[in-house]
Amino acid sequence: MARHAEADIPVLILEKLSRIHGSGELTVHALRRINLAVRAGELIAVMGPSGSGKSTLLNLAGALDKPTSGRVLIEGEDVTSMRPAALAAVRRRKVGFVFQDFNLVPSLTAAENVSLPLELDGWSPRRTRQPVAEALDAVGLSGQVGDRYPSELSGGQQQRIAIARSLVGPRRLVLADEPTGALDTETGDQIMAVLRERCDAGAAGLLVTHEPRHAGWADRVIFLRDGAVIDSAESAAVDERLMRSIG
Amino acid sequence: MTAQIVAAGARRADRTADPAVAWLNSWRLAFRIGWREIRRARGRSALIMIMVGAPVLLIIAAVTGSNSGSNSTMVPEMFGNAQATVQASKDGDHWNTDRVGALISGRVVQVTGGEIGVSLGDRLRIAAVGMPIGEMSGSGLFRLRSGHWPTADDQIMITRDFAHRHNLRLGATVPGFSWQQPGPTTDLRVVGIVALPQDVSVGPGGGAEVVTGRSRMITTDDPSQVSYLVFRTAPVSYREIQRLDSHGLDATSRYLVEHPELVPGQDAGDQQESSAPVAFYVLVGGGLLFEAMLLAGPAFAIAAARQRHTMGLIASNGAVHKQLRRQLLGQALLLGVLAGAIGAGLGLVSGRYVSVVSAWLTGSWAPPNALAWAPAVVAFLGAAVAAVVAALLPARGVGELDLVAVLRRRPTATRSRTFGPLIGSVVLAGGLAVTLGLGFRAAPEMTPRYIMGGCTAAAFIGAMLMLPWLITALGRGSRLPLSIRLAGRDIARQAARSVPAMSAVLVASGMFAVMGIAIATDDHAEAETYTPFTAMGQGTIQGSVDDMQAAANIIRGRHPDWKLTPHSSLGDPDYGGDLPSSTVALVPKGCTPQQAVTAETQADRDPDADSRCANGRSDYSEPVTVVPDGQLGTIGLPAAAAGVLSEGGVVLVDPPLGLQCSPGPCTQSVRRTYLTDNTVTLVGGTRKGDAYVPGKPARLAAAVIGPDDLTGTRPGWTGYTSGWISADAASKAGLPSTVVLWTVDAPRPITEAQEKTIDEVLPANAQLSVERGFHGQLATAGRVLLGIAGALVIIAALISTALSQVEARPDLATLTAVGAQPGLRRRFAAAQAGILVLVGVVVGQLVGILAGIGFAASNSRGDSGGGVGHLVVTVPWQLSGLLLVGAVLIAAVLAVLGAWSSPGLTRRLG
């Protein structure tokens with residue numbers, strides 16, 4: 001796998017990130033002082049057993065949730081203390097999500113789903129045509145697919161649309177939460193290939209997965225347990241680390 | 001390192017679109033998504049459109065349906081197919097079709113309205129219209145319903161109502177005669193059933209029941225009943241009208257009626273537009289739209305809940321709260337616009353033709369009503385606003401999504417708010433306190449009424465704001481049966497849906513209580529002051545003199561054992577024409593008999609005339625009653641006054657009975673104005689042309705009493721008089737009198753069936769009224785109110801319950817899977833509907849009753865407009881109880897019927 005060597009400035013930095021839910025006897029430490037940096041061109045996989053904090057990590061990285069302590073910097077901007085409107089702007093322009101359930105808006109066509117962040121940012125539909133076409137092309141979908149509704153597309157096509165949406169326009173950071181969870185093996189591999197391509201083209205990716213096979217597409221794998229990073233490795237050493245993390 | 005990263009981040013270009021364009025594009029996106037969501041959820045969208053559009057349809061149909069008074073609507077009834085109508089305002093005998101035709105081009109046709117005599121068991125005077133038979137079909141005044149147009153002079157057409165009353169069919173023979181010119185009868189054959197214009201007050205032939213070619217058989221005293229219709233293609237100009245007017249004719253041009261702005265000195269605003277009471281429709285329309293808004297609220301809450309995940313997706317792509325709210329508000333605006341447009345359109349169409357249909361049903365015809373465009377536009381906009389307002393609360397919830405939970409499809413907890421209910425309690429208490437305080441303290445003038453109205457509205461709003469507290473309390477019951485506990489907690493959990501529904505119930509039942517108290521109190525007050533017109537079950541005949549005589553003859557013929565007695569007054573007090581045929585005046589001090597007679601008759605025609613010598617009917621008087629000899633003792637006069645009356649004198653009552661002086665009490669004194677040495681002077685006047693010639697004045701002994709001096713109980717029809725004179729004294733003094741009333745005394749109370757049968761054969765201008773005691777409005781109006789309020793309450797409850805049933809399906813499936821009984825869903829549905837109605841009706845009625853008491857207290861203490869001068873408050877407890885119990889039971893039963901009892905074990909969708 002080629003690694004794209006771009007600028008050294010990480011697209012995503014997590015500094016001593018912690019997230020605590022509840023209080024008193026019901027306190028849950030979802031994340032404990034996580035430090036992580038993801039550079040452009042890099043795909044980082046996050047693995048761990050259920051309840052280890054993988055999704056919490058992703059939510060914090062994408063400014064969907066606020067940390068209890070620590071900082072999140074996206075393209076150099078500290079989003080931790082941003083107001084809701086500013087966070088929304090970050091999600092429109094800098095961060096893209098890919099979910100397990102595809103999570104396309106059912107009443108929008110494929111092209112409209114891809115252009116959604118741009119339109120929310122005030123772009124006219126005409127102005128979004130070019131970037132949408134490029135994004136669809138980048139994930140291997142032809143223009144005709146753009147006019148179809150999600151219900152008319154296969155799972156693999158929907159997930160490609162989701163990836164295209166996550167990286168349309170100026171966005172450079174994609175956060176994928178089990179993107180192959182609802183897909184068959186072959187389609188899942190195809191999706192991982194698309195994700196890898198996008199990262200090779202300059203995006204930064206953070207991937208949550210429980211599939212060692214898919215973690216193998218990443219440049220690096222980190223292992224979480226009980227909210228803390230217990231290990232990290234190059235993707236080639238995933239199997240051994242995985243056995244240790246869930247042992 | 002971190003500083004370099006931050007600096008690098010800051011250098012990245014921020015490509016933001018122009019704010020105005022961004023705003024526009026944001027709404028464009030919202031409408032696009034909203035329209036597709038509307039199409040996806042067709043059932044829910046249709047429900048919302050019906051709730052919002054139905055009030056618009058009803059209001060616009062009512063406004064348009066009552067819009068029959070405009071000139072453009074009346075033109076077909078006034079003119080038929082003619083371009084002008086011409087009437088001889090005086091010298092009617094001088095004019096004919098040739099003479100009129102010499103003054104204007106076109107075909108001139110004479111139309112004569114009046115009365116014709118027919119012999120159908122009894123000799124009856126029937127309103128008729130005469131026209132040359134060859135002109136009837138093309139005149140545009142008549143609609144042939146069955147049979148054919150007359151082809152000979154002895155053929156007639158009759159109305160459906162006339163045919164039904166006298167059991168006549170096509171081909172029947174009706175002996176006819178001229179009422180004023182005695183002569184042999186002519187057999188007239190019925191060849192057609194005809195419909196005449198519904199509005200009898202406009203156009204020739206209005207109110208006629210027979211159409212004949214024998215105009216000479218029709219008699220009339222009124223020259224305006226003879227019209228000349230001008231038929232031609234070209235409109236009749238203002239100059240032609242002026243020319244006709246200069247010859248003493250009264251001409252009206254169809255074209256100028258339709259275009260009043262062409263008449264110099266008159267603008268379009270002078271024409272009579274809608275006769276609809278605008279304020280009433282604004283009030284009712286606003287209330288209906290408010291109710292629609294409350295009913296649509298739960299549906300929007302469901303829409304918001306169903307679209308939470310979609311909203312979460314949009315938010316995860318960078319939508320701010322405003323943009324999320326716009327998704328729902330955009331849908332609401334689209335639905336409101338659609339519903340408003342469809343409702344207004346259907347309302348205009350149905351209202352336009354409601355008069356056509358109602359006229360057809362009554363056997364007459366009417367042109368379509370004028371379209372009420374302005375109210376339609378207002379109602380359309382109101383619908384759009386109502387829909388958007390209905391979606392505001394759910395949209396606010398959408399803007400405050402917990403993104404993480406929503407994207408993971410986890411249920412989220414509802415935030416309970418304290419501020420709103422607290423404010424609500426203050427507003428409720430304050431509003432009611434002011435309403436009651438003003439009601440029991442202030443005089444019933446308009447300003448306090450407006451304040452009371454505003455405070456009552458505020459009290460209702462305060463009660464609605466408190467509902468979240470109430471329903472939260474509902475959710476805390478732990479000892480109740482499972483189905484009731486589940487229902488209460490579901491209502492509490494889904495406040496966004498249940499609060500609007502409960503508010504709709506609250507408002508409907510509250511307004512029911514307010515209006516019920518108003519009607520019940522009015523009835524109570526009227527019952528207090530009600531005086532029976534005559535003895536219970538006995539009757540009176542009123543109408544024109546000749547028709548009353550004819551009616552009396554008819555009744556005598558059918559019921560020989562009934563006693564019919566004519567009652568007269570001096571002069572001609574109930575004249576129907578332009579001028580009375582005779583008059584009798586009391587001569588004030590300092591006036592001559594001629595002055596008194598002249599002023600008496602001038603006062604009615606010229607309000608600015610010197611009324612110093614007029615005691616007349618328009619100023620300070622009621623007619624003097626002529627008492628038949630033998631009945632002098634029935635009046636209940638004090639002894640001295642009774643003596644004056646029996647010895648040929650006059651007894652005057654000061655002030656006259658039945659006289660309404662305003663503003664303030666009556667101040668003119670009979671004694672000061674007319675009495676000289678215990679005598680008064682009366683003089684009769686007979687009309688000659690436009691003037692009155694006084695007869696020989698009669699100076700008669702007089703006594704003046706007050707209304708309280710009268711003893712005994714008198715029938716109501718005797719309550720309108722200036723005084724009394726015996727028939728013998730009036731005759732000896734040469735004072736003219738006119739029969740104003742007949743009393744009908746039957747051995748047994750006259751039944752409703754007898755009354756109806758007699759009415760059917762009486763002449764058109766006579767009416768038999770049988771006293772049946774006081775009948776309040778509450779019986780009828782109460783039922784209507786109960787029906788409307790009950791329907792609104794039940795609809796609100798069922799909408800909320802139905803929506804809840806759909807949402808609760810997974811939970812109920814889970815309960816079934818763990819062993820719940822099959823009927824649990826039904827009981828749950830019944831409990832939901834029942835609790836919603838119970839809480840809403842109880843709270844609504846409490847607020848409504850208190851507010852209603854305030855209004856009733858204020859209203860009853862007034863001395864006019866329904867007031868009796870002392871406190872009267874009546875609460876229709878039975879109706880209120882019926883609403884509460886009935887609505888709860890019906891809503892629960894309907895909810896049970898609508899809920900299916902065996903839910904499938906569906907996979908729980910998070």
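What counts, and where the lines are drawn
- Residues numbered from 1 in each chain as written.
- Chains lettered and ligands numbered in written order.
- Predicted model: local features only at pLDDT ≥ 70, side-chain atom pairs only at ≥ 80, totals over all residues.
- Heavy atoms only, no water.
- Helix = DSSP H or I, 4+ residues; strand = E, 2+ residues; numbered from the N terminus.
- Buried < 20%, exposed > 50% of the residue type's maximum accessible area, 1.4 Å probe, protein only.
- Contact = heavy atoms within 4.5 Å.
- Areas by Shrake-Rupley, 256 points an atom, 1.4 Å probe, with all protein chains shown as cover.
- Polar contact = N/O pair within 3.5 Å; in protein donor to acceptor, adjacent residues only side chain to side chain.
- pLDDT = per-residue confidence, 0-100.
- Buried area = accessible area lost by both parts, 1.4 Å probe.
- Salt bridge = Lys/Arg side-chain N within 4 Å of Asp/Glu carboxyl O.
- Nonpolar A, V, L, I, M, F, W, Y, C, P; charged D, E, K, R; others polar.
- Axes fitted to C-alpha atoms, helices over the stretch in contact; angles between N-to-C directions.
- Left-handed = near helix turned anticlockwise from the far one by under 90°.
- Pairing = 2+ DSSP bridges.

With respect to the overall build of chain A
Within chain A, the secondary structure is distributed over 8 helices and 10 strands. In chain A, buried positions account for 58% of the 247 residues. Sequence-distant contacts, at least 24 apart, represent 69% of the contacts inside chain A between residues at least 6 apart. Total accessible area on chain A is roughly 9800 Å²; 48% of this is exposed by carbon and sulfur atoms.

A short note on the side chain of Glu-42 of chain A
Residue and element names in this part refer to chain A. As for its placement among the helices and strands, Glu-42 is situated in the loop between β2 (28-39) and β3 (43-47). Within polar-contact distance, the side chain of Glu-42 engages the side chain of Arg-220 at 3.4 Å. Each residue touching Glu-42, except ones within four places of it in the same chain, is listed here: Ala-37, Cys-199, Ala-203, Ala-204, Gly-205, Asp-219 and Arg-220.

Examining the confidence of the model for chain A
A residue-level look at chain A finds 91% of positions with pLDDT of 70 or above and a mean pLDDT of 85. Of the regions scoring below 50 in pLDDT, residues 1-6 of chain A engages in 14 contacts with residues more than four places distant in sequence or in other chains.

Some remarks on the interface of chain B and chain A
Counting residues at the interface gives 37 residues for chain B, matched by 45 residues for chain A. For the chain B and chain A pair, buried surface summed over both sides reaches about 3400 Å², with 55% attributable to carbon and sulfur atoms. Linking chain B with chain A are 3 salt bridges. Note that Glu-119 of chain A is salt-bridged to Arg-32 of chain B, the shortest N-O span being 2.4 Å. On the surface where chain B and chain A come into contact, there are 9 residue pairs in polar contact (both at pLDDT 80 or more). Of all the elements in the fold, those that place two or more residues in the side of chain B that touches chain A are α1 (2-11), α2 (19-40), α11 (308-316) and α14 (403-407) of chain B. Considering each element in turn, the side of chain B that touches chain A owes the most residues, 10 residues, to α2 of chain B. Residue composition of the side of chain B that touches chain A, grouped by class: 17 nonpolar, 10 polar and 10 charged.

Description of the packing of helix α3 (residues 42-65) of chain B against helix α12 (residues 321-361) of chain B
Residues and elements named next belong to chain B. Running from N to C, α3 and α12 point in directions that differ by 35°, and their axes come no closer than 7 Å. Between α3 and α12 lies a crossing whose hand is right-handed. Split into classes, the residues belonging to the contact of α3 with α12 amount to 15 nonpolar, 9 polar and 1 charged.

Looking at α11 of chain B
Each turn of an α-helix holds 3.6 residues, which means side chains three or four residues apart point in the same direction. Residues and elements named next belong to chain B. With respect to burial, α11 is a largely interior element, 8 of its 9 residues being buried. When we look at burial in α11, the residues that qualify are His-309, Thr-310, Met-311, Gly-312, Leu-313, Ile-314, Ala-315 and Ser-316. Positioned one or two residues after α11, Gly-318 has a phi angle of 105°, which is positive.

What about the sheet that holds strand β10 (residues 228-234) of chain A?
Two strands in a sheet stick together by hydrogen bonds in their backbones, pointing the same way (parallel) or opposite ways (antiparallel). Residue and element names in this part refer to chain A. If you walk across this open sheet you meet the 6 strands as β6-β7-β8-β3-β9-β10, and the pairing is mixed. Two strands bound the open sheet, and with one partner strand each, they are β6 (95-98) and β10. Strand-to-strand twist in this sheet, taken as the mean axis angle between neighbours without regard to direction, amounts to 20°. Inspection of the sheet shows strand β7 (residues 173-177) paired to strand β8 (residues 204-208) by 5 bridges, in the parallel sense. Opposite Leu-175, over in β8, you have Leu-206 as the bridge partner. Helix α5 (residues 155-166) rests against β6 and β7 of the sheet, and its axis sits at about 170° to β6.

Brief notes about helix α1 (residues 54-61) of chain A
All names here are of chain A. With 8 of 8 residues buried, α1 lies mostly within the body of the structure. Looking at α1, one finds that the buried residues are Lys-54, Ser-55, Thr-56, Leu-57, Leu-58, Asn-59, Leu-60 and Ala-61. Ala-63 occupies a position one or two residues after α1 and carries a positive phi of about 60°.

Structural notes on the pattern of salt bridges
Opposite charge on two side chains permits them to pair, given that their charged atoms come into close proximity. Per the stated rule, a full pass over the model turns up 23 salt bridges over all chains. Between Arg-196 of chain A and Asp-219 of chain A there is a salt bridge whose closest N-O contact spans 3.1 Å. You can see Arg-196 of chain A sitting in helix α6 (residues 185-200) and its partner Asp-219 of chain A sitting in the loop between α7 (212-215) and β9 (220-225), a full 23 residues away along the chain. Accessibility classification places Arg-196 of chain A together with Asp-219 of chain A in one group, the buried group. Notably, a salt bridge pairs Arg-772 of chain B with Glu-755 of chain B, separated by 2.8 Å at the nearest N-O pair. Here Arg-772 of chain B is found in the loop between β21 (766-770) and α25 (778-807), whereas its partner Glu-755 of chain B is found in helix α24 (residues 752-761), with 17 residues between them in sequence. For Arg-772 of chain B, a relative accessible area of 27% corresponds to the partly exposed category.

As for the environment of Leu-36 of chain A
All names here are of chain A. With respect to the helices and strands, the residue Leu-36 is situated in strand β2. Sequence spacing of Leu-36 and Pro-10 is 26 residues, and the spatial spacing of their C-alpha atoms is 9.6 Å. Residues within four places of Leu-36 in sequence aside, it is in contact with Leu-12, Ile-13, Leu-14, Ile-44, Leu-206, Arg-220 and Ile-222.

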